[in-house]
Amino acid sequence: MKKYALLSLLLFISSTLFAQEKSNTEVENVCIHKDNITFSVGYGAPSIVRTYLKLKNAHADFKIVGWGPYMFKVDYMLRNKWSIGLNFTYNFSRISWMDDGYDTVIHGKRPYEYGIEAEDFSLTCRANYHFIRNKKMDVYAGLGAGYGKITLGTYTEAPLNQFSVGYAFPRPLSVETTIGIRYYIIKNIAIYSELGMGKSWILFKKYFIPESIIQGGIHFKI
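Quantities reported herein were computed from a predicted structural model and do not represent experimental measurements.

K.L.:
Could you clarify how one ought to interpret empty space enclosed by the protein in this entry?
P.N.:
Over the atoms rolls a probe the size of a water molecule, and in doing so it shows where empty space is left. For the structure shown, the criterion picks out one cavity of 30 Å³ or more. The calculated volume of the largest cavity comes to roughly 90 Å³. Around the largest cavity sit Thr38, Phe39, Ser40, Lys73, Val74, Asp75, Asn87, Arg126, Asn128, Tyr140, Arg182 and Glu194, which together line it. Listed by contribution, the elements that provide at least two residues to the lining of the largest cavity are β1 (37–45), β2 (63–77) and β4 (108–133). Looking at the lining of the largest cavity, its residues break down into three nonpolar, four polar and five charged.

So, in structure tokens, the structure goes:
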């Protein structure tokens, strides 16, 4: 009986050491694994809204500019192939034109800039499946959903024509689904790129507005 007990103990210890050795080998052979925490900073393009406005702009004096969406991500590896995280985005757009306004210096009218500015923010919770991992590369796909905020406001540079009109959309739903790749330049720093709907809006529960088809940036692992 004691021999069987001793044999069972030896087998258990051997299998545990083998499993531990296998786990350590797997960790050494992949760039990302369970319990890793990562951060990413990126930029998305194109802005579908700004692109659409530029294509449909029939007024030569309308100027359309903006920047974003900027992407900020944090991700936690729940398992070796599954992770969950939070994605935050920020985007800014402006439409401006020139119109006459009264100048108190020259006591007459001259052109001033008028415009409409829009800002939007989103925060989504996202799940990723990492289906290819090796020492340098991590290929994954994921989807996320959350909420955002979109505000519009007017402005003018004419000193005597000041006016202010603001509008906040009812809280829009933000959704995303992309496939991405990270390539590690060194052990803890990678460049990343994603293709798909990096950020999309569902406004008033009926209008779907995609944004940011491709994105890229820097990725950090701790």
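Okay, back to it.
K.L.:
So what exactly am I meant to see when it comes to the pattern of salt bridges here?
P.N.:
Pairing between side chains becomes possible if they bear opposite charge and their charged atoms approach one another. Under the definition given, this model contains seven salt bridges. The partner of Glu176 in a salt bridge is Arg126, and the shortest N-O contact between them spans 3.0 Å. Taken together, the residues Glu176 in strand β7 (residues 173–186) and Arg126 in strand β4 connect sequence positions 50 residues apart. For Arg182, the salt bridge identified is with Asp138, shortest N-O distance 3.1 Å. Placement of Arg182 in strand β7 and of Asp138 in strand β5 (residues 137–156) is noted, with a sequence separation of 44 residues between them. Considered together, Arg182 and Asp138 belong to a single accessibility category, that of buried residues. A single network of salt bridges, built from pairs that share partners, joins Lys73, Arg126, Glu176 and Glu194.

K.L.:
Looking at this model, I keep getting lost on the environment of Asn134. Mind explaining?
P.N.:
In this fold, Asn134 is placed in the loop between β4 and β5. Asn134 gets classed as partly exposed once you look at its relative accessible area, which sits at 29%. The spacing of Asn134 and Ile32 is 102 residues in sequence and 8.1 Å in space, taken between C-alpha atoms. Apart from the residues within four sequence positions on either side, Asn134 is in contact with Asn29, Val30 and Cys31. From its side chain, Asn134 meets the backbone nitrogen of Met137 in a polar contact 2.6 Å long.

K.L.:
Got a minute to help me understand the packing of aromatic side chains in this structure?
P.N.:
Where two aromatic rings form a pair, the distance of their centres and the angle of their planes describe that pair. Here the structure, examined in full by the defined rule, presents seven aromatic pairs. Where Trp67 meets Phe92, the ring centres are 4.5 Å apart and the plane angle is 20 degrees; that geometry is what we call stacked. In this pair, Trp67 sits in strand β2 while Phe92 sits in strand β3 (residues 82–103), placing the two residues 25 residues apart along the sequence. Look at Trp82 and Tyr129: their rings are 4.9 Å apart centre to centre, the planes differ by 55 degrees, and that puts the pair in the tilted class. Of this pair, Trp82 sits in strand β3 while Tyr129 sits in strand β4, and the two are 47 residues apart along the sequence. Judged by its relative accessible area of 31%, Tyr129 falls in the partly exposed class. The ring of Tyr140 has Arg182 lying over it, and the distance from NZ or CZ to the ring centre is 4.5 Å.

K.L.:
In this structure, what is going on with the pairing of strand β9 (residues 207–211)? I would like to understand it.
P.N.:
Every regular strand shows the same layout, with side chains that alternate between the two sheet faces. For strand β8 (residues 189–203) and β9, the ladder comprises five bridges, and the chain directions are antiparallel. Each residue of the ladder has a partner; that of Lys199, found in β9, is Glu211.

Conventions used here
- Residues numbered from 1 in each chain as written.
- Predicted model: local features only at pLDDT ≥ 70, side-chain atom pairs only at ≥ 80, totals over all residues.
- Heavy atoms only, no water.
- 1 Å grid on protein atoms, 1.4 Å probe; cavity = no way out; pocket = protein on both sides within 12 Å on 5 of 7 lines; lining within 4 Å.
- Points joined across faces, edges and corners; volume = space filled by probe spheres on them.
- Helix = DSSP H or I, 4+ residues; strand = E, 2+ residues; numbered from the N terminus.
- Nonpolar A, V, L, I, M, F, W, Y, C, P; charged D, E, K, R; others polar.
- Salt bridge = Lys/Arg side-chain N within 4 Å of Asp/Glu carboxyl O.
- Buried < 20%, exposed > 50% of the residue type's maximum accessible area, 1.4 Å probe, protein only.
- Contact = heavy atoms within 4.5 Å.
- Polar contact = N/O pair within 3.5 Å; in protein donor to acceptor, adjacent residues only side chain to side chain.
- Phe/Tyr/Trp six-rings, centres within 6.5 Å; stacked < 30°, edge-to-face > 60°.
- Lys NZ or Arg CZ within 6 Å of the ring centre and 35° of its normal.
- Pairing = 2+ DSSP bridges.

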